[in-house]
Each structure stands twice: as structure tokens, then as C-alpha cells.
Protein chains: 2
Amino acid sequence: MDFTKTKIELGKLIGEKKIIQKNDGTMDESLFNSYGTDRTKVYSPNYQVLVFPENTDDVAKVVSYAYQNGISIVPSGGRTGYAGGAVAKDEEIVISLSKMNQVLDFDPFLGTLQIQAGMITKNLHKEAEERGFYFPVDFAATGSSHIGGNIATNAGGVRVVRYGLIRDWVLGLTVVTGKGEVFRFNGEILKNNTGYDLKHLFIGSEGTLGIITEAVVKLTKPPKDIRVIFLAVPEYKNILEIFKETHNFDLPLLAFEFLTDYCLEKVKEHLGVPDPFQSPSKYYVLMEFEVNDETDEEKLYSILESITEKELIADGSIAQNSRQNETFWKYREGISESLSLAYTVHKNDISLPLRNMESFLDEMSALLSNQYQGFAIALFGHIGDGNLHLNIVKPKELSDSDFFKQCKQVDPDMFQLIQKYKGSISAEHGIGLLKKDYLGFSRSQGELDTMRAIKAAFDPKGILNPGKVL
Amino acid sequence: MDFTKTKIELGKLIGEKKIIQKNDGTMDESLFNSYGTDRTKVYSPNYQVLVFPENTDDVAKVVSYAYQNGISIVPSGGRTGYAGGAVAKDEEIVISLSKMNQVLDFDPFLGTLQIQAGMITKNLHKEAEERGFYFPVDFAATGSSHIGGNIATNAGGVRVVRYGLIRDWVLGLTVVTGKGEVFRFNGEILKNNTGYDLKHLFIGSEGTLGIITEAVVKLTKPPKDIRVIFLAVPEYKNILEIFKETHNFDLPLLAFEFLTDYCLEKVKEHLGVPDPFQSPSKYYVLMEFEVNDETDEEKLYSILESITEKELIADGSIAQNSRQNETFWKYREGISESLSLAYTVHKNDISLPLRNMESFLDEMSALLSNQYQGFAIALFGHIGDGNLHLNIVKPKELSDSDFFKQCKQVDPDMFQLIQKYKGSISAEHGIGLLKKDYLGFSRSQGELDTMRAIKAAFDPKGILNPGKVL
């Protein structure tokens with residue numbers, strides 16, 4: 001393919017400053033390459049033309065050109081994904097939304113913001129705050145991730161138990177389909193029963209149906225204050241009972257996280273933090289509540305009292321201030337780093353119905369101890385959402401390559417167990433390139449065929465993010 | 001077509017007791033006909049074979065048979081719709097879900113119920129309550145409507161401002177496609193990013209993509225107590241300001257309804273209730289809040305104080321008990337009946353961005369007074385959701401048929417205005433047969449084409465609810 005010709009023709013369409021060709025002297029090669037990959041690390045970028053559109057019209061012109069010329073496209077957001085969803089490895093045109101980061105409109109009555117899809121999530125938080133509102137979808141990567149990418153992967157995060165996924169905060173979407181057509185779904189209205197809801201198809205479609213260029217998001221009021229309770233829990237089944245007691249309690253539950261003793265040990269080793277309780281326990285639960293006044297503070301004690309009386313916990317502690325909130329959160333938020341810096345791990349992001357989780361974990365442990373000796377499981381996550389980060393930790397004596405080879409054998413066995421217990425092989429991270437071969441463990445053949453037909457309806461030449469998801 | 005043959009063959013597939021042929025001596029003709037129509041009244045049922053499946057497998061067998069033989073099907077729920085979505089007028093097979101009304105599963109931890117789609121909504125409320133939970137989607141027709149029909153039309157109701165639409169309460173769906181294939185979407189998990197969300201396509205699809213046979217719905221905790229505030233508001237723009245003050249207030253706002261002085265007059269005439277306030281006002285607003293304790297009661301007074309100080313209202317009153325709650329609700333809930341019993345009305349169920357509503361209403365009034373003299377507008381609805389019931393009231397001197405003929409001329413003019421102000425021609429009632437010709441005022445040609453392609457993917461022979469929506 002003649003990439004110089006592509007560059008020149010695209011330049012004529014939307015302005016030559018918006019098009020960069022690899023090694024054309026305007027951008028360092030490693031920076032250029034970074035626009036064609038994500039955090040998965042398994043795939044290498046390989047592409048020649050990078051486009052920085054400034055508005056929906058620019059995107060439509062580029063996609064129309066690509067459609068007419070049969071050239072593939074990879075939409076590029078904040079590139080914080082873990083499934084290879086934003087990798088350009090086959091000389092696709094990369095369309096970066098980075099320059100599309102403006103607020104387009106604000107409705108102070110309903111509390112909505114219309115923004116371009118390339119806005120960094122943290123900046124959306126700021127824009128909401130400056131207007132007296134709150135955008136509640138929050139997670140580790142909000143400093144880099146784009147709101148468009150969040151929507152394309154239906155991002156969740158730490159407060160899903162209270163606020164749901166980003167799907168619940170999207171009122172309207174503007175997208176460019178694989179034919180270069182612009183669709184504007186729903187706008188800024190709450191109620192609209194006029195035919196199929198195509199907006200929801202795009203949420204979580206990982207850039208395979210169209211490029212999300214603008215969004216109208218709902219805002220809410222911020223929680224006045226938050227307080228963390230940290231618990232030592234001796235048995236898994238108690239976690240379920242504690243969740244039952246608390247998630248429909250008077251005080252809004254913002255987060256319900258858990259970790260095992262194994263994870264706690266690793267965090268202590270790595271961060272040098274002390275034991276949170278006098279005696280160790282098998283499980284630890286972190287609950288975060290919204291509090292508004294002194295009455296609410298009293299309610300926190302009544303929760304702790306109630307679960308103590310029912311002998312559901314071995315120990316428990318309420319943070320007395322925001323600094324203590326942070327101290328407790330460290331035990332949960334330090335896990336990923338503690339593991340990845342000191343060990344080689346194979347990450348999994350799965351979900352299961354809460355009530356099936358214990359049986360699944362028992363079978364999963366048996367599977368590993370029978371067939372993969374020395375493999376340890378680091379288990380933690382958003383248990384209130386049924387979302388587990390199941391990390392398999394490499395035994396010291398095994399080489400990295402042997403370990404990952406064996407993990408590739410474990411995966412289908414684990415996915416089969418997940419299927420048996422009615423779970424999902426990808427709770428948050430999506431499918432991308434990484435889990436494409438395993439999609440059949442979560443979706444039936446008939447569903448896959450239907451998804452392909454839907455993809456063809458939006459993207460008849462299959463030029464959008466080829467090879468991802470389906 | 002040989003309906004007797006169809007009856008016999010379907011009987012062999014799922015049991016002859018489940019199949020009724022018109023006038024076969026087992027069911028009164030008017031009852032039989034009622035299964036093939038809804039509340040729209042514009043269309044007459046005309047069909048011969050009625051099927052009462054008992055489970056998903058029965059439905060799959062009947063649809064497979066229909067698919068093989070090219071026979072069309074109309075799914076029949078509680079038949080409370082207002083858009084002709086459940087009308088069988090062209091000798092389709094009617095599949096009534098009425099016998100599919102069982103609870104299949106309950107998860108006390110997450111708080112979910114798996115039910116068959118033919119369960120009456122009121123019964124779902126009861127089933128939830130018996131288990132210590134609450135299902136919050138509520139509206140006038142819950143005593144007859146089915147949960148499956150609610151989902152197929154994405155029902156809303158009076159507490160959308162707090163709880164959203166039914167879309168927000170559906171975790172999983174089981175559907176039978178137009179080929180007789182059974183798809184089970186998502187099950188009972190909260191997080192599942194594995195390909196396109198087909199579940200959301202079915203919500204609001206009005207039976208044109210498949211028949212919803214089972215659902216997993218989320219439950220929540222019931223509000224402890226509720227209190228109504230009734231307000232007399234002199235100007236439309238004040239309503240916006242009051243909404244801004246209250247919908248992100250400390251107390252959960254359950255409902256935010258409004259009516260005009262014209263509607264209040266009609267309710268007073270019909271129900272013989274007194275004036276709610278000493279002086280009349282142009283608009284009235286009803287707000288309902290959740291209250292938990294005495295502190296919350298005090299907050300009610302602080303709201304009223306705040307909007308009084310800002311001179312947003314002419315008068316206002318807080319209900320002192322549940323009887324007074326009901327008294328205030330009468331002014332809002334009595335409107336439909338007061339109008340339909342004493343007048344001939346042309347109903348519209350539209351939505352608009354709150355901030356565009358006043359301009360829309362000004363233009364709409366001008367349109368009517370210029371071109372349709374004597375037409376009055378009765379305006380009320382869920383204004384917190386931007387959802388207006390815009391009823392045009394027939395002038396006494398006009399005949400019914402002349403009135404409806406003129407309304408048919410008004411409609412496209414009104415829809416054009418709605419389009420201009422970025423609203424929806426159907427907020428809750430759906431499209432069905434009634435608004436099919438006007439769908440283009442809410443969706444673009446490209447979207448309509450894509451919807452048709454999606455319909456073909458699920459229902460390649462077009463046998464499901466033919467003629468509806470698209």
C-alpha cells in the first residue's frame with residue numbers, strides 16, 4: 001500500500017497537519033508506535049499512518065475515505081486497555097481521538113454534559129466538579145483513559161456497586177459507522193421508545209461497529225463524605241452474608257471489595273505496612289459508605305455491631321478520618337503493584353454470580369493443585385459486583401515462557417468452570433484480540449452469528465478494528 | 001390457510017390443550033379476540049389460532065414451526081399498550097404468555113428474581129415484597145401488564161426520576177428468535193464485557209426481534225416512607241429551577257410531576273375536589289420524596305423554605321401523612337380519567353430536553369391557535385423525565401371524525417417541532433402500528449436501514465410481530 005499517497009489524500013480532506021506518517025520527521029517513532037497499542041504488552045504495533053481528527057466531521061471524512069479504498073482503521077483512545085482492543089498490528093490507519101477533548105454543551109437543569117470522546121476521564125471529573133456536579137465512574141486509569149474508550153469498553157471501576165457501569169451514565173452518543181455515516185443516538189433525553197436502542201450496542205463494542213466521537217453523559221451530586229470499614233472475615237460464606245446485610249442498608253454502599261490473606265501478605269511485604277488486625281484471617285473485606293451527618297456515623301457503628309453479633313467477622317475497624325480511609329484502601333489498591341513488581345502473574349478478570357463463587361473457587365483450586373503444582377492464586381476484586389481478579393502467580397522454579405505456556409492450557413479449563421457456574425470470562429476488560437478465541441465460553445454460536453450480522457450492518461467492509469472481538 | 005391443520009400440528013408439538021382455535025367451543029369469541037389486541041382501540045383483531053405455552057421450550061417449538069411454515073406470530077402479554085404493538089389483525093398465530101407466570105429462581109445475596117415473562121407486574125411487586133425486597137417499576141397498568149411486555153416496551157412510570165426505566169432493572173433475558181432459536185443473555189451477573197449487548201436490543205423492541213420468555217430482574221430495598229409536596233408555580237421557568245434545586249437534593253426525589261391550570265380545572269370538575277390553594281396558578285408541581293426519619297422531615301421544610309425564599313412558587317404545602325399524600329396525588333392521577341370521560345382527546349406521549357420545553361410549548365400553542373382554532377391543550381406528565389402527556393382536547397362544535405382527521409394533520413407538524421427541539425415522538429408508549437409512519441421524525445434513514453438489517457438477523461423471514469415498529 002502507498003502510505004504517502006494515503007497521507008496526502010487524507011491531508012486534502014481534513015488538513016495535512018492532522019496526518020502523520022511514520023518517520024516523517026514530525027513525531028518520535030516510539031511515541032508514534034504508542035498510539036497503535038495498549039497495556040496488554042502481548043502485541044506489537046505495526047502501522048504507518050496516524051490521524052488526529054478535531055471533530056466528528058473529520059472522523060466521518062477519514063472513515064469514508066477508508067471505506068471507499070478498503071483500508072482498515074483502528075480507533076485509538078487512552079490506550080489503557082488490557083485486551084489488545086486498540087492494537088494496530090496490520091498496517092491499519094490509526095485514528096487518535098486525543099485532540100477531540102472539548103466540552104460541547106452543558107445542561108444545568110438535568111445535569112448533563114456533552115463532550116467529545118477524546119476527553120480524558122479525569123478531566124471529565126474536573127469539568128463536572130467545576131459545574132457543581134459529579135461524574136461517578138472512577139478507576140485506576142482515569143488519568144490517561146478517554147471517555148470514548150471507557151464507553152467503547154463499558155468501563156466499571158471501584159464504585160460499580162453504587163453507581164453501576166459507564167453504560168448507566170451515557171444518555172446520548174454520536175458515532176461514525178464503517179461506511180463513514182454519522183449517527184446521533186438519543187441526544188439528551190431520558191425517555192425515548194422509538195425503535196431499537198442502537199446506543200447500547202455501541203457501549204462495549206470495542207470500536208468494531210463505529211467510532212464514538214461525542215457523548216452526552218449524566219452527572220449526579222457528589223457524596224458528602226465517605227467512610228471505610230475494614231473487616232477480617234474467617235469464611236467465604238460470611239462475605240455473602242455481610243454483603244446481604246449492607247448493600248441494601250440505609251447508608252449508600254459505595255464499594256465492597258475483598259482480598260485473601262495471600263494478597264494481604266504480598267501488600268505487607270511490598271509496601272511495608274503493618275498487619276491491619278491482631279490475628280490473621282483468611283479473607284478481608286473493605287466496605288466504603290457515603291455519610292452525610294452524625295446520624296450516619298452512628299449507623300456505621302450499628303452495621304459493625306450487627307455483623308459482629310452475628311459472628312460474621314473475626315475483627316473490624318471503622319476509619320476515623322479520610323487519612324484512615326486511605327490507609328485501609330492501600331491494602332486493596334496495593335495488590336496489583338505488589339504482585340506485578342515482585343512476581344510474574346497471569347491476570348484474569350472474571351465475574352460470577354456471588355452465590356456460585358465459593359464452589360467455583362473450590363474447583364479452581366483443585367484444578368490447579370492437581371494439574372499445575374506450585375501455582376498460587378492471588379484473589380481479590382470488586383466482590384460486590386461478583387467481579388474477581390484471579391491472578392495466577394508463577395512458581396519460582398518455572399521459567400516465564402514455561403509458565404505462560406502452561407497458563408494457556410489452564411485458561412480453557414478455567415473458562416469451562418466459569419461457564420459451568422454461569423459467569424463471564426471478561427467482567428470489565430473486554431475481548432479485544434486477547435480473548436477472542438474464548439468468546440464461545442460466554443456466548444452461544446447463534447449469538448456469535450448474530451453479532452457478525454450486526455457488525456456487517458454497521459461495517460459492511462469490515463474495516464473497523466479488524467480482528468477484535470469477533 | 002388451513003388453521004385446523006395448524007392447530008392439530010401445534011397440538012402435537014406442545015400438547016393440544018395449549019392451542020385454541022377461534023370458535024372451537026373452548027373460549028368465548030370476545031375473550032378470544034381480546035388476546036389479539038391492546039388498549040389502542042384503533043385496530044380490530046383478526047386471527048384464528050391462540051397458543052398458551054408453559055415454558056421457553058414450548059415457545060421455541062411453536063416459533064420453529066411457524067418459521068418452517070412461514071406463518072406470522074404476534075406475542076401477547078397483558079395487552080395494556082397504547083401503540084397497537086400487540087394487535088393481530090392479519091391472521092397471525094397469537095402466542096399468549098399468560099400461563100408463563102412462575103418464579104424460577106431467587107438470589108437473596110444480590111437480590112435478584114428469575115421469572116417467566118408472563119408474570120403480571122403487580123405479582124412481581126408481591127413476590128419481591130414477600131422476600132423483603134422491592135421492585136420499583138410502577139405505573140397505572142401494573143395490575144394487568146406482564147413483565148415481559150414491560151421489557152419489550154421499556155416501560156417507565158411515575159418513579160423514573162428516582163429508579164429509571166425497566167431497562168435499568170433487567171439483568172438477564174431469555175428470548176426465542178424468529179428462527180425458534182433460544183438465546184440466554186447474561187444470566188444473573190452484573191458485569192459481562194463479552195461482545196455486543198444483545199439484551200439491550202430486545203428491551204424496547206416490541207416483540208419484533210424475538211419473544212421474551214424469561215427475565216432476571218434486580219430488586220432493591222423499599223423506601224421507608226414517602227412524603228408529597230404540592231406546589232403552585234406561576235411560571236414555567238420556575239419549574240426548571242425547582243427541579244434543579246430538588247433532584248440532586250439530600251433526600252431521594254421519587255417523582256416530579258406537573259400539570260397546568262387547565263388540567264386542575266378538569267380534575268376539580270370531574271372529581272369534585274376543592275382548590276388545593278387559595279389563589280389559582282398557571283402551573284402545579286407534585287414532588288414526592290423518600291423520608292427515613294425526623295431529620296428528613298426537617299429537610300422537607302428546608303426545601304419548601306428555600307424555593308419560597310427564591311420566589312419560585314406562589315404557594316406550597318407538605319403532606320402531613322399518607323392520606324394527604326394520596327389527596328395531592330389525586331390532582332395528578334385524576335387527569336386522564338377526567339379528560340377521557342368528559343371530552344374527546346387526542347393523546348400524545350412525547351419527551352423533550354427540559355430546557356427546550358418552554359420554546360416547544362410556545363410554538364406548539366401558536367401552531368394550534370393559528371391553524372386549529374378552538375383546540376385546547378391539556379398538558380401534564382413526568383416533567384422530571386422531560387416526559388409530557390400532551391393531550392389535544394376536541395372543541396364542542398367539532399364532530400369526532402372531523403376532530404381526528406384534523407389531529408392527523410396536526411401530528412406531523414407537532415413531530416417536526418419535537419424534532420427541531422431534539423425530543424422524541426414516543427417517550428414511553430413505543431411505536432407499534434400507530435406511530436410507525438412517523439418514526440423518521442426520531443430516527444435517521446441510516447438508522448432505520450440498520451434497524452431493518454438487525455431485524456433480519458434475528459428474524460430472517462420477518463414472521464415476528466409483522467408491521468410493527470419498522
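Residues numbered from 1 in each chain as written. Chains lettered and ligands numbered in written order. Predicted model: local features only at pLDDT ≥ 70, side-chain atom pairs only at ≥ 80, totals over all residues. Heavy atoms only, no water.

### Considerations on the overall build of chain A
When helices and strands are tallied, chain A shows 15 helices and 17 strands. What you see for chain A is a C-alpha radius of gyration of 23 Å, in line with the 23 Å of a compact globule of 470 residues. Considered along the principal axes of its C-alpha atoms, chain A spans approximately 70 × 60 × 45 Å. When the 470 residues of chain A are sorted by exposure, 59% land in the buried category. A fraction of 72% describes how many contacts in chain A between residues 6 or more apart in sequence connect residues 24 or more apart. When the accessible area of chain A is evaluated, it comes to approximately 18000 Å², of which 46% is carbon and sulfur surface. The distance from the centre of the 51 positive side-chain charges to the centre of the 64 negative ones in chain A is 5 Å. (Helix = DSSP H or I, 4+ residues; strand = E, 2+ residues; numbered from the N terminus. Rg over C-alpha atoms; globule rule 2.2 N^0.38 Å. Buried < 20%, exposed > 50% of the residue type's maximum accessible area, 1.4 Å probe, protein only. Contact = heavy atoms within 4.5 Å. Areas by Shrake-Rupley, 256 points an atom, 1.4 Å probe, with all protein chains shown as cover. Lys, Arg positive; Asp, Glu negative; His and termini not counted. Charge placed at Lys NZ, Arg CZ, Asp CG, Glu CD.)

### As for the sheet that holds strand E4 (residues 93–96) of chain A
By way of backbone hydrogen bonds, the strands of a sheet pair with one another, either parallel or antiparallel. All names here are of chain A. Read across the open sheet, the four strands follow the order E1-E2-E4-E3; overall the sheet is mixed. Two strands in the sheet have a free side with no partner beyond their single neighbour: strand E1 (19–21) and strand E3 (73–76). Within this sheet the neighbouring strands show an average axis-to-axis angle of 20 degrees, counted without direction. Across four bridges, E3 lies against E4 in parallel orientation. (Pairing = 2+ DSSP bridges. Axes fitted to C-alpha atoms, helices over the stretch in contact; angles between N-to-C directions.)

### Quick look at the relation of the copies chain A and chain B
For these two chains of identical sequence, chain A goes onto chain B by a turn of 180 degrees and a shift of 0.0 Å along the axis, with RMSD 0.0 Å. Each copy turns onto its partner about a two-fold axis. Take the interface residues of chain A: 100% of them recur as interface residues in chain B, which is what a same-surface contact looks like. (Least-squares fit on C-alpha atoms with pLDDT ≥ 70 in both.)

### Quick look at the confidence of the model for chain A
Across chain A, pLDDT averages 95, with 100% of residues at or above 70. Overall fold confidence for the complex sits at a pTM of 0.96, while the interface term, ipTM, reaches 0.96. (pLDDT = per-residue confidence, 0-100.)

### Topic: unusual backbone geometry
The phi dihedral of A:Lys422 is positive, around 60 degrees, even though this residue is not glycine. The topology assignment puts A:Lys422 in the loop between helix H14 (400–420) and helix H15 (445–458).

### A few points about the packing of helix H9 (residues 261–271) of chain B against helix H12 (residues 335–342) of chain B
How two helices pack is summed up by the angle between their axes together with the distance between the axes. All names here are of chain B. Contact pair H9 / H12: the axes reach a minimum separation of 9 Å and the direction vectors enclose 75 degrees. With respect to each other, H9 and H12 are oriented roughly perpendicular. From H9, Tyr262, Cys263, Lys266, Val267, His270 and Leu271 reach across to H12, where they touch Ile335, Glu337, Ser338, Leu339 and Leu341. In terms of residue class, the contact of H9 with H12 is made up of seven nonpolar, two polar and two charged. (Parallel < 35°, antiparallel > 145°, perpendicular 65-115°, else oblique. Nonpolar A, V, L, I, M, F, W, Y, C, P; charged D, E, K, R; others polar.)

### Notes on the UniProt feature "domain: FAD-binding PCMH-type" (unreviewed entry) in chain A
As recorded in UniProt, the sites labelled "domain: FAD-binding PCMH-type" (unreviewed entry) are residues 43–222 of chain A. This span, residues 43–222 of chain A, is 22% helix and 23% strand, and a straight line between its end C-alpha atoms measures 39 Å. (UniProt positions renumbered as here; feature names shortened; annotations may be inferred.)

### Notes on the packing of aromatic side chains
All names here are of chain A. If you walk through the whole model with that rule in mind, you get 44 aromatic pairs over all chains. Following the ring pairs from residue to residue traces out a cluster consisting of Phe230, Phe277, Tyr284, Phe328 and Tyr331. Across from the ring centre of Tyr35, 4.3 Å away, lies the NZ or CZ of Arg79, which sits over that ring. (Phe/Tyr/Trp six-rings, centres within 6.5 Å; stacked < 30°, edge-to-face > 60°. Lys NZ or Arg CZ within 6 Å of the ring centre and 35° of its normal.)

### Focus: the side chain of A:Glu188
Within the secondary structure layout, A:Glu188 lies in the loop between strand E8 (182–185) and helix H7 (198–202). Owing to a relative accessible area of 9%, A:Glu188 belongs among the buried residues under this scheme. Looking at A:Glu188, its side chain comes within polar contact range of the side chain of B:Arg355, at 3.1 Å. (Polar contact = N/O pair within 3.5 Å; in protein donor to acceptor, adjacent residues only side chain to side chain.)

### Thoughts on helix H11 (residues 322–333) of chain A
Residue and element names in this part refer to chain A. Along its twelve residues, H11 runs 16 Å from first to last C-alpha, staying within 8% of the 16 Å computed at 1.5 Å per residue. Of all the residues in H11, the buried ones are Asn325, Phe328, Trp329, Tyr331 and Arg332. Seen along its axis, H11 keeps its buried residues to an arc of 145 degrees; they face one direction. For H11, exposure combined with an orientation more than 90 degrees from the buried face picks out Arg323, Glu326 and Glu333. N-capping of H11 is provided by Asn321, with a side-chain oxygen placed 3.2 Å from the backbone N of Arg323. (Expected span 1.5 Å × (residues − 1). Arc of directions from axis to C-beta.)

### Description of the interface of chain A and chain B
As a measure of interface size, the accessible area lost when the parts come together is often cited. Taken residue by residue, the interface counts 82 residues in chain A and 82 residues in chain B. Buried area between chain A and chain B, summed over both chains or domains, comes out near 6600 Å², and the portion from carbon and sulfur atoms is 55%. Of all residues in chain A, A:Phe109, A:Lys191 and A:Tyr196 bury the most surface against chain B, accounting for 16% of the area lost on that side. Our enumeration of links across chain A and chain B arrives at 16 salt bridges. In this structure, B:Asp105 and A:Arg355 form a salt bridge, with 2.8 Å as the shortest nitrogen-oxygen distance. Counting every contact that joins chain A to chain B gives 42 residue pairs in polar contact (both at pLDDT 80 or more). The set of elements that each furnish at least two residues to the side of chain A that touches chain B consists of strand E5 (103–107), E8, H7, helix H8 (236–246), helix H10 (294–309) and H15 of chain A. In terms of residue count, the dominant contributor to the side of chain A that touches chain B is H15(A) (nine residues). Tallied by class, residues from the side of chain A that touches chain B come to 32 nonpolar, 27 polar and 23 charged. (Buried area = accessible area lost by both parts, 1.4 Å probe. Salt bridge = Lys/Arg side-chain N within 4 Å of Asp/Glu carboxyl O.)

### Topic: the environment of B:Ile212
All names here are of chain B. Position of Ile212 relative to the elements: it lies in strand E9 (residues 210–218). The spacing of Ile212 and Gly149 is 63 residues in sequence and 8.3 Å in space, taken between C-alpha atoms. Discounting chain neighbours no more than four positions away, the residues touching Ile212 are Leu97, Ala117, Gly148, Ile151, Ala152, Leu173, Thr174, Val175 and Phe202.

### Section: the domain arrangement of chain A
Residue and element names in this part refer to chain A. For chain A, the assigned domains are domain 1 (3–99), domain 2 (103–218), domain 3 (226–333) and domain 4 (343–429). Here the C-alpha centre of domain 2 lies 22 Å away from the C-alpha centre of domain 1. At the boundary of domain 1 with domain 2, total buried surface from both sides reaches about 1400 Å², with 64% on carbon and sulfur atoms. In terms of surface lost to domain 2, no three residues of domain 1 exceed Thr56, Tyr67 and Leu97, which account for 34% of the buried area on that side. (Domains from an automatic or database assignment.)

### Thoughts on the pattern of salt bridges
Oppositely charged side chains may form a pair once their charged atoms are brought near each other. The final tally for this structure, using the stated rule, is 62 salt bridges over all chains. The shortest N-O distance in the salt bridge between A:Lys191 and B:Glu428 comes to 2.9 Å. Pair noted here: A:Lys191 is in the loop between E8 and H7 and B:Glu428 is in the loop between helix H14 (400–420) and helix H15 (445–458), and the two residues belong to different chains. Across the pair, B:Glu428 and A:Lys191 agree in class, each one buried.

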